[in-house]
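Examination of the molecular architecture
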Amino acid sequence: PAWDLVRDAIAGETAIKARGTLYLPKPEGMGDELYKAYMKRTHWFGATGRTAEGLLGMIFSKSPVLTDCPTKLKEIIDDIDREGTNIDQFASDLTWDALPANWGGILVDYPQTEEGMDQAAAARAGYRTYGAWYSAESVINWRKKTIGNRQVLTLVVLLEPYEAIGKDEFTTEVKNRYRVLDIDEKGYYRQRLYDEAGANKLSLPVSEYYPKKQNQNLDYIPFFTFPGRDPEKSMLFDLACENVGHYQKTADYENGLHKTGSPTPYATGMSGPPTDPTTGLPLAIPLGGDNFIFVPDPNGKVGYLEFTGQGMSAEEKALQNTEERMAILGARIISAEKKGVESASAARIHRAGENSVLASFALNASDVLTAVIREIGSWENIPGSDKATYTLNTDYDVEEMEAQL
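What follows deals with unusual backbone geometry. Phe226 connects to Pro227 through a cis peptide bond whose omega is 0 degrees. In this structure, Pro227 sits in the loop between strand E11 (223-225) and helix H8 (237-261). In this structure, Asn102 is a non-glycine residue whose phi angle is positive, near 55 degrees.

Dropping the structure here:
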C-alpha cells in the first residue's frame with residue numbers, strides 16, 4: 001500500500017482520482033452524484049511528482065562516471081538489457097522506478113542455449129549476458145540463508161506479466177508467469193518458470209534451467225537488490241502522505257467556496273413565493289439590477305445570504321500549513337523563493353537534509369550498478385572487469401557555483 005500511495009502521488013491527478021474514495025473519503029450523507037461533483041471541483045497539487053522529478057534531475061545533473069571498464073565490456077553495457085538501453089539510461093530508468101518504493105532488483109542472466117553449445121558458438125549466435133530490471137512489485141518473495149559465514153540469497157520469486165493472444169488475433173489478455181530463482185539441494189543455482197496459462201496451472205514448472213558461467217554451475221543467485229538489501233521506506237512517502245492530506249483539505253475548501261461563493265437570495269416573513277392567481281403555481285422572480293421586486297407582505301424582507309464570521313480562513317490556513325510541511329519534507333523545488341539574495345552557505349544549509357538522503361540513495365545505487373557491471377564482465381570472461389566502477393552524482397552542493405550565479 002505504501003508503494004501504491006507514492007506511485008499514485010507521483011502519477012498525479014488522474015491516478016489519484018481513479019482511486020475514488022481511497023484518497024478522498026465520501027462525506028457522510030453525500031450522494032453519488034454530489035460526490036462526483038465534489039471530486040471534480042478539487043485538483044491535485046503535484047508536489048510529490050515534481051519532487052521526484054527534481055530528485056532524479058539532481059542525481060543525473062552530472063553524467064555518471066564509468067571508470068576502468070574494458071572496451072569489450074563497455075560495448076555490452078551500451079546495450080545492457082538487449083533492448084538498446086545504454087547503462088546511463090538504464091540507471092536513470094531504474095532509479096526513477098525505485099524512488100517510490102526504494103526497492104527493486106536487477107537480474108544478471110544469460111539466455112538458455114541449446115544443449116552442448118559452447119561459448120564461442122553461443123557468441124556467434126548472438127547469445128550474451130544482460131541485465132533485467134524488476135520493480136518492487138515484481139519481487140514477490142525472497143529468502144536468505146547464512147552460508148560460509150555470510151548471508152546469501154537462496155530464493156527469489158519474480159512476477160512477469162505478459163500479453164497472450166486472446167479469443168482472436170486482434171485481442172490480447174494479460175497472463176502471469178513466475179520465475180523462481182533458487183539454490184537446489186546440491187547447492188547449484190537454478191531457474192524454474194511457472195505459467196498460469198499452462199496446463200499445470202502453476203502446479204509444475206513449464207521449464208527448468210541451470211544457468212552456467214563458462215560451462216560451470218553457479219553456487220549463488222546473480223540477483224542484485226536495489227538500492228539496498230531489504231525494502232525500506234521511500235524518501236517520498238511522508239511527502240505523499242501530506243500531499244493526500246492537502247488533496248482532502250482542498251476538496252473541502254473548494255466545496256465550501258462553491259456552496260458559499262454564489263449569492264443566494266432569501267425572503268423572510270412571507271408565507272411563500274407569490275403565485276399566479278389563475279393557476280396557483282409559484283411565479284418566477286426575475287433577478288438583476290434592472291428588475292424591481294415588490295413584496296406584498298408588510299412584514300416581508302428580502303436579501304442575499306452572506307458568508308460571515310470566520311469564513312474560509314480556517315481552511316486556507318490548514319492548506320498553507322500543509323504546503324509548508326510538504327516544503328520541509330522535500331518539495332523545496334516548488335516552494336516560493338526567498339525575497340532578496342540568499343547566500344550560498346544559507347542555501348546549502350536549507351538543502352542539507354534532502355541532499356544527505358539523496359546522496360545515500362545514489363551511493364548505494366552506484367555500488368549495486370558497479371556489482372552488476374562486474375558480474376556481466378565475469379560472466380563474459382572479460383579480463384579486468386573486476387576493476388570497473390560506475391558512480392552516480394552525489395554532488396548537489398551550490399558552494400562550487402560562482403558568486404554571481
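So, about the nonpolar core. Across soluble globular proteins, nonpolar side chains show a tendency to be buried alongside one another. Counting residues in hydrophobic clusters, the biggest one holds 74 residues, and the most contacted among them are Phe223 and Phe226. Sort the elements by how many residues they give to this core and helix H10 (residues 344-379) lands first, with eleven residues.

This paragraph deals with the pairing of strand E7 (residues 189-195). Counting buried residues in E7 gives seven out of seven residues, a clear majority hidden from the surface. Bridge analysis of strand E6 (residues 172-183) against E7 gives seven bridges, and the strand direction is antiparallel. Note on E7: the bridge partner recorded for Ile183 is Tyr189. Counted between consecutive antiparallel strands, the loop separating E6 from E7 contains five residues, among which Gly187 sits at a positive phi close to 90 degrees. As paired elements, E7 and strand E8 (residues 207-209) share three bridges and run antiparallel to each other. By the bridge assignment for E8, Leu193 is matched with Ser207.

Counted by the stated rule, this structure contains seven aromatic pairs. Centroid distance Trp103 to Trp142: 5.1 Å. Interplanar angle 45 degrees. Geometry classified as tilted. Placement of the pair is Trp103 in the loop between helix H6 (87-98) and strand E2 (104-109) and Trp142 in strand E4 (residues 139-147), with a sequence separation of 39 residues. Overall, Trp142 belongs to the partly exposed group, its relative accessible area being 30%. Consider the rings of Tyr110 and Trp379, whose centres lie 6.5 Å apart with planes at 10 degrees: the pair is stacked. Highlighted residues: Tyr110 in the loop between E2 and helix H7 (119-124) and Trp379 in helix H10, separated in sequence by 269 residues. Judged by relative accessible area, Trp379 falls into the buried class, the value being 2%. Here a set of aromatic residues connected by ring pairs shows up, and it is made of Trp133, Phe226 and Phe361. Sitting over the face of the ring of Tyr35, Lys26 holds its NZ or CZ atom 5.7 Å from the ring centroid. Over the aromatic face of Tyr162 sits the side chain of Arg177, whose NZ or CZ is 4.4 Å from the ring centroid.

Rules of the game
- Residues numbered from 1 in each chain as written.
- Predicted model: local features only at pLDDT ≥ 70, side-chain atom pairs only at ≥ 80, totals over all residues.
- Heavy atoms only, no water.
- Helix = DSSP H or I, 4+ residues; strand = E, 2+ residues; numbered from the N terminus.
- Core = buried A, V, L, I, M, F, W, Y, C linked by side-chain atoms within 4.5 Å.
- Buried < 20%, exposed > 50% of the residue type's maximum accessible area, 1.4 Å probe, protein only.
- Pairing = 2+ DSSP bridges.
- Phe/Tyr/Trp six-rings, centres within 6.5 Å; stacked < 30°, edge-to-face > 60°.
- Lys NZ or Arg CZ within 6 Å of the ring centre and 35° of its normal.

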